[in-house]
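# Topology and contacts: notes
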Amino acid sequence: MDFRKAFDLISSRVGSELVKSGYTRQKVAVDNDSELAALFTGENLAYSVVYIKDKQQMVLRSSSMTEDGPDNDWRVLSTWLYDDEISDQKDAESIANDFVEGVSGTIAIKRAKQIKQKKKKDDDGNADPKFLAKRFVTYFPELKDEINTEEDCYFPFRGATFAKDHILPKLKEYIKRANKKELEKIAGLFNLQYSNGDMDTRSIITAVLLNGLEDDELSCVKEFFDNELSVACDSARRFKGKTVKPEKPKRKNVSKAVNLKDS
């Protein structure tokens with residue numbers, strides 16, 4: 001499905017949802033050679049759906065509103081890879097469903113605050129393990145119910161355990177029956193989520209999912225990894241099957257003065 005048609009479908013679905021809450025679609029001027037964009041503004045928040053052509057990414061963003069319009073401090077709420085050579089209408093509809101969920105009432109405000117709080121000085125990524133798990137629903141629809149069960153039974157979301165018990169077995173079966181385009185597509189998901197993920201998400205991708213694959217299974221998708229993930233995968237692979245002992249905390253020397261004071 002052509003990316004322009006996919007963008008129209010997604011932005012239209014998002015707009016229809018936002019209109020219910022009093023948002024208005026605004027005209028935006030963009031460089032057609034680099035991206036497509038749709039802007040929706042409300043009293044306190046603005047939302048934008050963007051397709052970045054060179055990265056082949058559909059992005060949902062939010063920004064606080066000022067008297068002059070959006071403050072342009074955009075926070076990324078969701079990012080999906082959309083390559084119209086291998087993506088189809090089903091993929092576009094999945095993205096639309098995710099984006100609609102992202103702008104629905106209080107869920108959107110809560111998510112925006114959580115993402116802002118999760119920003120770390122040494123980590124530009126903000127996609128957490130639950131976000132990663134939801135990205136696999138497109139490939140394994142049954143994960144949706146399994147994610148809901150996990151959320152109902154455990155807090156916080158057990159990202160590593162969930163990936164090992166629920167995603168990895170399905171991933172191994174998928175690789176066995178996938179054709180080249182399907183392998184390239186799921187490798188693209190790994191590239192994108194590793195790039196955008198926080199430290200926990202990156203560790204789950206390399207240490208749990210990729211290290212959980214046999215050599216022949218990994219080689220099927222590794223050829224489509226970008227340089228960043230390929231290097232990280234090789235580094236993690238060296239620890240496959242090994243137990244890494246945690247660093248022992250250094251013993252603090254308690255001075256006699258402190259002992260006398262406490263006695």
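Refer to the structure above for everything that follows.
Here the structure is a predicted model, which is why all the values come from computation and not from measurement.

What counts and how
Residues numbered from 1 in each chain as written. Predicted model: local features only at pLDDT ≥ 70, side-chain atom pairs only at ≥ 80, totals over all residues. Heavy atoms only, no water. Helix = DSSP H or I, 4+ residues; strand = E, 2+ residues; numbered from the N terminus. Core = buried A, V, L, I, M, F, W, Y, C linked by side-chain atoms within 4.5 Å. Buried < 20%, exposed > 50% of the residue type's maximum accessible area, 1.4 Å probe, protein only. Contact = heavy atoms within 4.5 Å. Axes fitted to C-alpha atoms, helices over the stretch in contact; angles between N-to-C directions. Parallel < 35°, antiparallel > 145°, perpendicular 65-115°, else oblique. Left-handed = near helix turned anticlockwise from the far one by under 90°. Nonpolar A, V, L, I, M, F, W, Y, C, P; charged D, E, K, R; others polar. Salt bridge = Lys/Arg side-chain N within 4 Å of Asp/Glu carboxyl O. Pairing = 2+ DSSP bridges. Phe/Tyr/Trp six-rings, centres within 6.5 Å; stacked < 30°, edge-to-face > 60°. Lys NZ or Arg CZ within 6 Å of the ring centre and 35° of its normal.

With an omega of 0 degrees, the peptide bond running from Phe155 to Pro156 counts as cis. With respect to the secondary-structure elements, Pro156 resides in the loop between α5 (143–153) and α6 (159–177). Phi is positive for Gln56, which is not a glycine, with a value near 55 degrees. Looking at where Gln56 falls in the secondary structure, it is placed in the loop between β3 (45–52) and β4 (57–66).

Turning to the nonpolar core, a few remarks are in order. Counting residues in hydrophobic clusters, the biggest one holds 35 residues, and the most contacted among them are Phe136, Ile167, Ile186, Phe190, Leu209, Leu210 and Phe225. Contributions of two or more residues to this core are made by α4 (129–135), α5, α6, α7 (180–196), α8 (199–210), α9 (215–222) and α10 (227–237). When residues in this core are grouped by element, the largest group, seven residues, is from α6. When neighbours within four sequence positions are excluded, Ile186 is seen to be in contact with Phe136, Tyr139, Leu171, Tyr174 and Val221. Counting residues in hydrophobic clusters, the runner-up holds 24 residues, among them Phe3, Ile10, Leu18 and Leu45.

Moving on, we come to the packing of helix α1 (residues 3–19) against helix α2 (residues 89–102). Taken N-terminus to C-terminus, the directions of α1 and α2 make an angle of 25 degrees; their axes are 9 Å apart at the nearest point. Accordingly, the angle class assigned to the pair α1 and α2 is roughly parallel. As α1 runs across α2, the sense of the crossing is right-handed. Packed against α1, whose contacting residues are Ala6, Leu9, Ile10, Arg13, Val14 and Glu17, the element α2 presents Gln89, Ala92, Glu93, Ile95, Ala96, Asn97, Phe99 and Val100 at the interface. Tallied by class, the residues present in the contact of α1 with α2 amount to nine nonpolar, two polar and three charged.

Within this structure, the stated rule accounts for twelve salt bridges. In this structure, Glu146 and Lys170 form a salt bridge, with 3.2 Å as the shortest nitrogen-oxygen distance. Highlighted residues: Glu146 in helix α5 and Lys170 in helix α6, separated in sequence by 24 residues. For Glu146, a relative accessible area of 22% gives the class partly exposed. Judged by its relative accessible area of 16%, Lys170 falls in the buried class.

Attention now moves to the pairing of strand β6 (residues 75–81). Along a regular strand, successive side chains alternate from one face of the sheet to the other. Across the seven residues that make up β6, a large majority, five, are buried. Strand direction decides the pairing type here: β4 and β6, joined by six bridges, are antiparallel. Counted as the bridge partner of Met58 is Trp80 from β6.

With that out of the way, let us pick up the packing of aromatic side chains. Applying the stated criterion to the full structure yields nine aromatic pairs. Ring centres of Phe136 and Phe190 lie 5.7 Å apart, and the angle between their planes is 65 degrees; on these two criteria the pair is classed as edge-to-face. Of this pair, Phe136 sits in the loop between α4 and α5 while Phe190 sits in helix α7; the two residues are 54 residues apart in sequence, bridging distant segments of the chain. The class of Phe136 is buried, set by a relative accessible area of 0%. Note on Tyr139 and Phe140: the rings are 6.3 Å apart at their centroids and 50 degrees apart in plane angle, and the pair reads as tilted. Tyr139 gets classed as buried once you look at its relative accessible area, which sits at 16%. Every member of this aromatic cluster is reached through a ring pair, and the members are Phe136, Tyr139, Phe140, Tyr174, Phe190 and Phe225. Over the ring of Trp74 we find Arg61, and its NZ or CZ is 4.6 Å from the ring centre. It is Arg135 that lies over the ring of Phe131; its NZ or CZ is 4.3 Å from the centre.

Let us look at the pairing of β4. Relative to β4, β3 is paired through eight bridges, and the arrangement is antiparallel. Pairing of Ser48 across the sheet is with Arg61, part of β4. The hairpin turn running from β3 into β4, its antiparallel successor, is four residues long, and Gln56 in that turn takes a positive phi close to 55 degrees. By the bridge criterion, two bridges tie β4 to strand β5 (residues 69–70) in an arrangement that is antiparallel. The residue of β5 that forms the bridge with Met65 is Pro70. Where β4 hands over to β5, the hairpin turn is made up of two residues, counted between the paired strands.

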